[in-house]
Amino acid sequence: MTEKKKLYIETYGCQMNFSDSQIVGSIMADHEFETTSEIAEADLIFVNTCSIRDHAEQRVRARLKEFNRYKKKKPGLIIGVLGCMAERLKEQLIEEEKMVDVIVGPDAYRDLPRLLNIAEGGQKAINVILSADETYADIDPVRMESNGISAFISIMRGCENFCSYCVVPYTRGKERSRDPETIVNEARSLFENGYREVTLLGQNVNSYKSDKGIDFPGLMNLVASIDPALRVRFATSHPKDLSDELLKVMAAHPNICRSIHLPVQSGSDAVLKRMNRKYTRDWYLGRIAAIKHYLPNCAISTDIIAGFCSETEEDHLETMQLMEQVGYDYAFMFKYSERPDTLAAKKYEDNIPEETKGRRLQEIIALQQKLSHKSNKADIGKTFEVLAESTSRKSANELAGRNSQNKVVVFERGEYKPGDYVQVKITSCTPATLKGVVVEGV
Ligand code: 5AD
Ligand code: SF4
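Source: prediction; values computed, not measured.

A. Geometry of the overall build of the chain. If you tally the helices and strands in the chain, you get 14 helices and 19 strands. A compact globule built from 442 residues would reach a C-alpha radius of gyration of about 22 Å, and the chain, at 22 Å, matches this within 12%. Reported as C-alpha extents along the three principal axes, the dimensions of the chain are approximately 65 × 55 × 45 Å. Relative to its 442 residues, the chain shows a buried fraction of 55%. Counting contacts in the chain only where the partners sit at least 6 residues apart, residues at least 24 apart contribute 72% of the total. Surface exposure of the chain reaches about 19700 Å², of which carbon and sulfur atoms provide 50%. A gap of 2 Å separates the mean positions of the 60 positive and 64 negative side-chain charges of the chain.

This is how it looks when you write it as structure tokens:
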């Protein structure tokens, strides 16, 4: 038997990218490559990249320089750049980073074996064609580095919202939804194999619409009905598509997790307009009120951008005021980073000084830290069903898992193991974690 060749794959960016890397792992496994976590033994290195902020791209460029050292030691080694940076920069990336052999955009992974053949023949290979219908629906992802308990299922690809700051519509192309049957089958097979949680993924999941007329609430209903012991999550939603119908489906299924990520980006109407978010502050707050109405225990998290073009101090204060008003449980917070060729880059000046962006971001982070802590303190004394996931990082005697609200809960393991549902009463907290004790027979 000949030994299989080894693929090392490193992934940056969103969960969608991690899910794509599992698809790539599967395509390569069908072509005699097995994945390895040891870069030194790789015959092929792939880096699945993100373009969302300049910093993300700079990190990849630094990594590519490091990969080049391996190539010097092992001349046959092939280096491929996958994902959003490949799509954004195309041939330019080969000119700028000479060590790169293969460039593949997010819709061209089925072409990888052919591209590798070209690269093995000593030529540069590239495919960055975006597709109107590729969903990789028939590919069974190789679940690398999986804990065997929670898994991602990609349900739609692409984005057509064209938020003015965002590169995604250009790197991931048109929206398209995967056939619902293949999604339900994948979720069922994961459950049968011991998984207890699936996260339905897409750049904009709630604009899911299958050819068969099933929309996102309809799909959630199908997946949540597989088994009450299978938790269902989803990411990410655009506020414009968060319908009451979805909230009603969530309310009807206790196994759909009480956690909604609803990126607001800014609390100022003027900024939201320039961002092309297509909603106002009031309209967004109306969606928050609807969540609180249908799902009183639902955690709400968000994304915020500090220092967007022409953001005034007043705009910034409006964002902070909205954060307090909503009382977010968690937030991802960023400094605005201009991306070439986006609507904002063409239309508006990136005119907030770096120092001001940094200061505003710090203020937002400090406020969120306070809000997260407050939210966690309010949980002390409550009992949650926790899906145990792993041994706690701090102690082998403790397990860590998450409650329905997606908060990390740590507790003494007793007889429990990862994959178990455990009733835990919260006794203390930090801004990031809840700690509790197991309560039996609830
Ligand atoms: N600069 C800073 N943050 C950005 N995001 C998207 N584009 C940019 C950008 N150009 C943030 C948004 C989005 C999250 C995934 O990344 O908050 O919701
Ligand atoms: Fe990064 Fe966006 Fe591409 Fe995900 S879709 S990898 S966040 S640029």
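Now that the structure has been shown, the text picks up again.
B. Spotlight on the packing of helix H9 (residues 244-252) against helix H11 (residues 281-294). Two numbers describe how H9 lies on H11: the axes approach to 10 Å, and their chain directions differ by 25 degrees. Considering the angle they form, H9 stands roughly parallel to H11. Seen along the crossing, H9 lies across H11 with a hand that is right-handed. Contact with H9, carried on its side by Asp244, Leu247, Lys248 and Ala251, involves Arg287, Ala290, Ile291 and Tyr294 of H11 and no other residues of that element.

C. Looking closely at H9. Buried within H9 we find Leu246, Leu247, Val249 and Met250. Each buried residue of H9 sits inside an arc of 160 degrees when the element is viewed along its axis, so together they form one side. Of the surrounding elements, those touching the buried residues of H9 are helix H8 (216-224), strand S11 (231-235), strand S12 (259-261) and H11.

D. Geometry of the sheet that holds strand S7 (residues 150-154). Spatially, the three strands line up as an open sheet ordered S7-S10-S11, and their pairing is parallel. Of all the strands in the sheet, just S7 and S11 have a single pairing partner and so form its edges. The sheet shows a mean angle of 25 degrees between the axes of neighbouring strands, direction not considered. With five bridges joining them, S7 and strand S10 (residues 197-201) adopt parallel strand pairing. Looking at S10, one finds that Ile153 is bridged to Leu200. Against the sheet, helix H1 (residues 15-29) touches S7, S10 and S11, its axis set at about 90 degrees to S7. Its contacts with the sheet place helix H7 (residues 180-192) against S7 and S10, and it is angled at close to 170 degrees to S7.

E. Region of the structure containing the site of ligand 2. Around ligand 2, the structure places Cys14, Asn17, Thr49, Cys50, Ser51, Ile52, Cys84, Val168, Arg172 and Gln203. Per-class residue counts for the shell around ligand 2 are five nonpolar, four polar and one charged. Per-domain counts for the shell around ligand 2 show at least three residues from each of domain 1 (5-127) and domain 2 (146-257).

F. Layout of the sheet that holds strand S16 (residues 398-402). Pairing is mixed in the closed barrel, where five strands are placed in the order S15-S16-S17-S19-S18. Averaged over all neighbouring strand pairs, the angle between strand axes comes to 55 degrees, with direction disregarded. By the bridge criterion, five bridges tie S16 to strand S17 (residues 408-412) in an arrangement that is antiparallel. Residue pairing in the sheet places Arg402 in a bridge with Val408 of S17.

G. Examining the environment of Asp379 more closely. When you line up the elements, Asp379 lands in the loop between helix H14 (354-377) and strand S15 (383-391). Considering only alpha carbons, one finds Asp379 and Cys429, 50 residues apart in sequence, at a separation of 8.5 Å. Other than its neighbours up to four places away in sequence, Asp379 contacts Phe384, Lys407, Ile426 and Leu434. One polar contact links Asp379 to Lys407, side chain to side chain, over a distance of 2.6 Å.

H. Molecular detail of the packing of helix H12 (residues 313-326) against H14. Where H12 contacts H14, the axes come no closer than 10 Å and their chain directions differ by 10 degrees. As the angle between them shows, H12 and H14 are arranged roughly parallel. Between H12 and H14 lies a crossing whose hand is right-handed. Contacts between H12 and H14 pair Glu313, His316, Thr319, Met320, Met323 and Glu324 from the former with Arg359, Arg360, Glu363, Ile364, Leu367, Gln368, Lys370 and Leu371 from the latter.

I. The arrangement of the domain arrangement of the chain in detail. Split by domain assignment, the chain resolves into domain 1 (5-127), domain 2 (146-257), domain 3 (288-375) and domain 4 (383-438). For domain 3 and domain 4, the distance between their C-alpha centres works out to 29 Å. Contacts between domain 3 and domain 4 engage seven residues on the former and five residues on the latter. Both faces considered, domain 3 and domain 4 share a buried interface measuring about 510 Å² in area, 54% of it formed by carbon and sulfur atoms.

J. Geometry of the site of ligand 1. Every residue close to ligand 1 is listed here: Ile52, Arg53, Tyr165, Gln265, Asp303, Ile305, Phe334, Lys335, Tyr336, Ser337 and Arg339. Contact between ligand 1 and Arg53: an oxygen atom at 3.1 Å from a side-chain N or O atom of the residue. For ligand 1, the protein covers 86% of the area, taking 400 Å² as the surface of the free molecule. Of all the secondary structure elements, the ones that give two or more residues to the shell around ligand 1 are strand S13 (299-306) and strand S14 (330-335).

K. Molecular detail of the pattern of salt bridges. Enumeration over the complete set of coordinates arrives at 42 salt bridges. The closest approach of N and O atoms between Arg402 and Glu197, which form a salt bridge, is 2.9 Å. Here the residue Arg402 occupies a position in strand S16, and Glu197 occupies one in strand S10, the gap between them amounting to 205 residues. Pair check on accessibility: Arg402 and Glu197 agree, each one buried. When salt bridges that share partners are traced, they join Asp20, Asp107, Arg157, Arg172 and Arg176 into one network.

Rules used in this analysis
- Residues numbered from 1 in each chain as written.
- Chains lettered and ligands numbered in written order.
- Predicted model: local features only at pLDDT ≥ 70, side-chain atom pairs only at ≥ 80, totals over all residues.
- Heavy atoms only, no water.
- Helix = DSSP H or I, 4+ residues; strand = E, 2+ residues; numbered from the N terminus.
- Rg over C-alpha atoms; globule rule 2.2 N^0.38 Å.
- Buried < 20%, exposed > 50% of the residue type's maximum accessible area, 1.4 Å probe, protein only.
- Contact = heavy atoms within 4.5 Å.
- Areas by Shrake-Rupley, 256 points an atom, 1.4 Å probe, with all protein chains shown as cover.
- Lys, Arg positive; Asp, Glu negative; His and termini not counted.
- Charge placed at Lys NZ, Arg CZ, Asp CG, Glu CD.
- Axes fitted to C-alpha atoms, helices over the stretch in contact; angles between N-to-C directions.
- Parallel < 35°, antiparallel > 145°, perpendicular 65-115°, else oblique.
- Left-handed = near helix turned anticlockwise from the far one by under 90°.
- Arc of directions from axis to C-beta.
- Pairing = 2+ DSSP bridges.
- Near = heavy atom within 4 Å.
- Nonpolar A, V, L, I, M, F, W, Y, C, P; charged D, E, K, R; others polar.
- Domains from an automatic or database assignment.
- Polar contact = N/O pair within 3.5 Å; in protein donor to acceptor, adjacent residues only side chain to side chain.
- Buried area = accessible area lost by both parts, 1.4 Å probe.
- Salt bridge = Lys/Arg side-chain N within 4 Å of Asp/Glu carboxyl O.

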